[in-house]
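The primary structure of each chain is shown beneath.
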Amino acid sequence: QLQASGGGLVRAGGSQTLSCTASGSIFSINVMGWYRQAPGMQREVVATISRRGNTFVVDSVKGRFTISRNGDKNTVYLQMNSLKAEDTAVYYCNAAAVGPSSRTDYWGQGTQVTVSS
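## With respect to the overall build of the chain
Per the secondary structure count, the chain includes zero helices and 11 strands. Reading the helices (α) and strands (β) of the chain from amino to carboxyl end gives β-β-β-β-β-β-β-β-β-β-β. Taking 117 residues into account, the globule formula puts the C-alpha radius of gyration at 13 Å, and the chain, at 14 Å, falls close to it. The principal-axis extents of the C-alpha atoms in the chain amount to approximately 40 × 30 × 25 Å.

Given below as structure tokens:
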């Protein structure tokens, strides 16, 4: 189970932090991250962090968004700075158990981030 928090309305140039906590059978999870989906668009990856701490951030938010996790590795954060109108979307927390030939995804409920210009 994934419980996300954060989001809401923010002015362009502002900041927000999203958090997501995984609970339950999390021993198989080795990647957590954030995806987003704007109206009429496909869901896209924003940032991910592996159990080892390796991170990926999509080019469109690089330098503005930072993904991190707590020491227990069951909570991930997305710090979003210098927000732009185009960052407006529903943000989804993702946890994945990625194996050599398989992947199981778990999704949070989604949280709306609206950036006003």
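Next comes the rest of the account.
## Things to note about the pairing of strand 10 (residues 103-107)
Note: strand 9 (residues 89-98) against strand 10, five bridges, orientation antiparallel. Opposite Val98, over in strand 10, you have Arg103 as the bridge partner. Linking two consecutive strands that pair antiparallel, namely strand 9 and strand 10, is a turn of four residues.

## A look at the packing of aromatic side chains
Scanning all chains against the criterion turns up one aromatic pair. With 5.0 Å between their ring centres and 75° between their planes, Tyr35 and Trp107 make a pair best called edge-to-face. Of this pair, Tyr35 sits in strand 4 (residues 31-37) while Trp107 sits in strand 10, and the two are 72 residues apart along the sequence. Here Trp107 falls in the partly exposed class, since its relative accessible area comes to 37%.

## Considering the nonpolar core
Residues Met32, Trp34, Leu78 and Tyr91 are the most contacted members of the largest nonpolar core, which totals 27 residues. Residue assignment for this core shows that the elements contributing at least two residues are strand 1 (2-5), strand 3 (16-22), strand 4, strand 5 (44-50), strand 7 (65-69), strand 8 (75-80), strand 9 and strand 11 (111-116). Top element by residues in this core is strand 9. It accounts for four residues. Here Leu78 is in contact with Gln16, Thr17, Leu18, Trp34, Val46, Ala47, Phe65, Thr66, Ile67 and Tyr91, once residues within four sequence places are set aside.

## Quick notes on the pattern of salt bridges
Evaluation of the coordinates by the stated rule reveals five salt bridges. We note a salt bridge from Asp59 to Lys62, for which the minimum N-O separation is 3.0 Å. Across the pair, Lys62 and Asp59 agree in class, each one exposed. Here Arg103 and Asp105 are joined by a salt bridge, their closest N and O atoms 2.9 Å apart. Since its relative accessible area comes to 43%, Arg103 is described here as partly exposed.

## Here's the deal with the state of the cysteines
In total, this model carries one disulfide according to the counting rule given. A sulfur-sulfur distance of 1.9 Å marks the disulfide that ties Cys20 to Cys93. Its S-S torsion of approximately -85° makes the covalent link between Cys20 and Cys93 left-handed. Placement of the pair is Cys20 in strand 3 and Cys93 in strand 9, with a sequence separation of 73 residues. The exposure classification of Cys20 matches that of Cys93, with both residues buried.

What counts and how
- Residues numbered from 1 in each chain as written.
- Predicted model: local features only at pLDDT ≥ 70, side-chain atom pairs only at ≥ 80, totals over all residues.
- Heavy atoms only, no water.
- Helix = DSSP H or I, 4+ residues; strand = E, 2+ residues; numbered from the N terminus.
- Rg over C-alpha atoms; globule rule 2.2 N^0.38 Å.
- Pairing = 2+ DSSP bridges.
- Phe/Tyr/Trp six-rings, centres within 6.5 Å; stacked < 30°, edge-to-face > 60°.
- Buried < 20%, exposed > 50% of the residue type's maximum accessible area, 1.4 Å probe, protein only.
- Core = buried A, V, L, I, M, F, W, Y, C linked by side-chain atoms within 4.5 Å.
- Contact = heavy atoms within 4.5 Å.
- Salt bridge = Lys/Arg side-chain N within 4 Å of Asp/Glu carboxyl O.
- Disulfide = S-S within 2.5 Å.

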